[in-house]
Amino acid sequence: MNNIKVSKKINNVLIMNGDSEQCLNLAKQFSNNSFNVFTADFFQQSVTKNSNHIKKYIRLPSARFDTQNFVKELIKIVLTFKIDLIIPLYDVSFYLSKNKEIISKYTTVFVDDIDKLKSLHNKYEFATLCKNYSISSPSFQLIKNEDDLLNFDKNYKDYVFKPLASRWGENVVVKPTKKKLISIINKLRYPIIAQQFIDGEEFSTYSISRDGFVTAHTSYKSIYKLGSSGIAFQKVNDDKIKKFVSDFCRKNNYNGQIGFDFIKDRNGKYFVIECNPRATSGVTMFSASINLPQAFIETKPVISADLDYSMLSAAMLVIELPKSILSAKVIHFIRYFSKANDILCDSKDIVPPIYIIYFTFVLVPLRMLALQKSMKETLGWNEEYNI
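Residues numbered from 1 in each chain as written. Predicted model: local features only at pLDDT ≥ 70, side-chain atom pairs only at ≥ 80, totals over all residues. Heavy atoms only, no water.

With respect to the pairing of strand β7 (residues 159-163)
Within a regular strand, the side chains alternate between the two sheet faces. A large share of β7 lies buried, amounting to 5 of its 5 residues. Neither face of β7 is exposed, since Y159, F161 and P163 on one face and V160 and K162 on the opposite face are all buried. In terms of strand pairing, β7 meets strand β9 (residues 192-196) through 5 bridges, oriented antiparallel. Residue pairing across strands places F161 opposite A194, the latter belonging to β9. Examined bridge by bridge, β7 and strand β8 (residues 173-174) share 2 bridges and lie antiparallel to one another. Bridging across to β8, V160 finds its partner in V174. (Buried < 20%, exposed > 50% of the residue type's maximum accessible area, 1.4 Å probe, protein only. Helix = DSSP H or I, 4+ residues; strand = E, 2+ residues; numbered from the N terminus. Pairing = 2+ DSSP bridges.)

So, the side chain of T280
Position of T280 relative to the elements: it lies in the loop between β14 (270-276) and α10 (293-297). Residue T280 is classed as buried on the basis of its relative accessible area, which comes to 8%. A polar contact of 3.2 Å, which involves the side chain of T280, links it to the backbone oxygen of T205. Discounting residues that sit within four places of it in the chain, T280 has contacts with Y90, T205, Y206, Y220 and G259. (Polar contact = N/O pair within 3.5 Å; in protein donor to acceptor, adjacent residues only side chain to side chain. Contact = heavy atoms within 4.5 Å.)

Observations concerning the side chain of S62
Mapped onto the elements of the fold, S62 is located in the loop between β3 (56-59) and α2 (67-80). A distance of 3.3 Å separates the side chain of S62 from the backbone nitrogen of R64, its partner in a polar contact.

Observations regarding the sheet that holds β7
Spatially, 4 strands are ordered β6-β9-β7-β8 in an open sheet, and the strand pairing comes out antiparallel. Because the sheet does not close on itself, it has two edges, and the strands there are β6 (140-143) and β8.

Some thoughts on unusual backbone geometry
Positive phi outside glycine occurs at K82, with the angle close to 50°. Mapped onto the fold, K82 is located in the loop between α2 and β4 (85-87). Positive phi outside glycine occurs at N253, with the angle close to 45°. With respect to the helices and strands, N253 occurs in the loop between α9 (239-251) and β13 (256-265).

A few points about the nonpolar core
By size, the foremost hydrophobic cluster in this structure holds 54 residues, and its most contacted members are I15, L26, F30, I87, L292 and F296. With residues near it in sequence (within four places) discarded, L292 still touches L26, Q29, I208, A216, V283, F286 and I303. Counting 45 residues, the second largest nonpolar core, distinct from the first, contains F38, A63, I75 and V111. (Core = buried A, V, L, I, M, F, W, Y, C linked by side-chain atoms within 4.5 Å.)

Let's talk about the pattern of salt bridges
Scanning the model with the defined rule gives 13 salt bridges in all. Between K225 and E202 there is a salt bridge, and its shortest N-O distance comes to 2.5 Å. One end of the pair, K225, is in strand β11 (residues 213-226); the other, E202, is in strand β10 (residues 200-210), and 23 residues separate them in sequence. Looking at K225, the relative accessible area reads 30%, which means it is partly exposed. Here R250 ties to D247 by a salt bridge, and the two come within 3.1 Å at their closest N and O atoms. (Salt bridge = Lys/Arg side-chain N within 4 Å of Asp/Glu carboxyl O.)

A word on the sheet that holds β3
Whenever strands of a sheet pair, they do so through backbone hydrogen bonds, lying parallel or antiparallel. The strand order across the open sheet formed by 5 strands is β3-β2-β1-β4-β5, and the pairing between neighbours is parallel. For this open sheet the edge positions go to β3 and β5 (108-109), each flanked by a neighbour on one side alone. Sheet analysis places strand β2 (residues 36-41) next to β3, joined by 4 bridges and oriented parallel. Looking at β3, one finds that T39 is bridged to Y57. In the packing of helix α1 (residues 21-32) onto the sheet, the strands contacted are β1 (12-16), β2 and β4, and the crossing angle to β1 comes to about 170°. (Axes fitted to C-alpha atoms, helices over the stretch in contact; angles between N-to-C directions.)

So, the packing of aromatic side chains
A complete count under the given rule lists 25 aromatic pairs for this structure. Taken together, a centroid distance of 5.5 Å and an interplanar angle of 90° make the contact between F244 and F262 edge-to-face. Taken together, the positions of F244 in helix α9 and F262 in strand β13 put the pair 18 residues apart, joining distant regions of the chain. Neither residue differs from the other here; F244 and F262 are each classed as buried. Three or more aromatic residues joined by ring pairs make a cluster, and in this case those are F126, Y133, F244, F248, F260 and F262. For the cation-ring pair, K175 lies above F197, with the distance from its terminal atom to the ring centre recorded as 4.6 Å. Directly above the aromatic system of Y133 lies the positively charged group of K251, at a separation of 4.8 Å from the ring centroid. (Phe/Tyr/Trp six-rings, centres within 6.5 Å; stacked < 30°, edge-to-face > 60°. Lys NZ or Arg CZ within 6 Å of the ring centre and 35° of its normal.)

The structure is reproduced here in structure tokens:
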């Protein structure tokens, strides 16, 4: 059974992925609604560590490299601080789901079963699953090995080639020539999926679902991006996308946070590209004053996002401001920056923005040197999940 049973009275909440602005935003929502909030992550320093909204930040062992101790320490935290509910945000969801049977003996874990998460995260399995929905995937084909790739009977330049599971759009090859694809053929990790390239407008979603019933939802488009991942967002009200999400969660009896990526082509036809069976940055479209915690605890009418614009200000300042200056688009940047909700802007919680300054000008350069990667690659890198 994958149903999430939440006890009637929730007091203490542990939110995972504590070193993220998204976690800080969700922590504020729970704190503002009288919950005791704890956060955890694998890093010594964290944007939530000294926030006034957090009772305590806890550093955990590596979920990927030290899974046994990760689970052991997590259970110890649950017992010590009487945690009633654990909410994972990003890739740690998979580790919690895999060990949910053990952890659920002590508390409620807001995540679905691991087999379902793996299936939805797998781009080929998800595309296959979507054949019978109001919005389907673009034409696709499974490429199992080099021979399949070399014998691909369609125009390579009409397709996007992706790993079945990836983060931040890593190792995605878009509309390559055959010559280019052959030049990197040994670098690809098989199997991969060839998905028809659709030229159009991109949209993403963030939803919370309990027992197949969507309790919170927002659709949005990315105004600024870091690679393929958005860092600044604009809300979009779209009934077709909302219906797909509702139908999908209901038919799959989904429990947890979930996001989808869509494209609307130039003829107005929608395609669903992939699924993220975890939180997405769309959680930032809900302001700190809204009662989003209700969506995790009770099955009530859907809570809609209340913000029109939102952003991850650290990435905006580090990446987009210099780019805007160099491309003479700084006026557009300032206009957007001034109207978008900034998670860090809080006169009653001044340490997180100070940490972000430290992160930007000290930690990021040090990580760039250690990883020998660009700033963009460093910001997207996480040793827990980059395999």
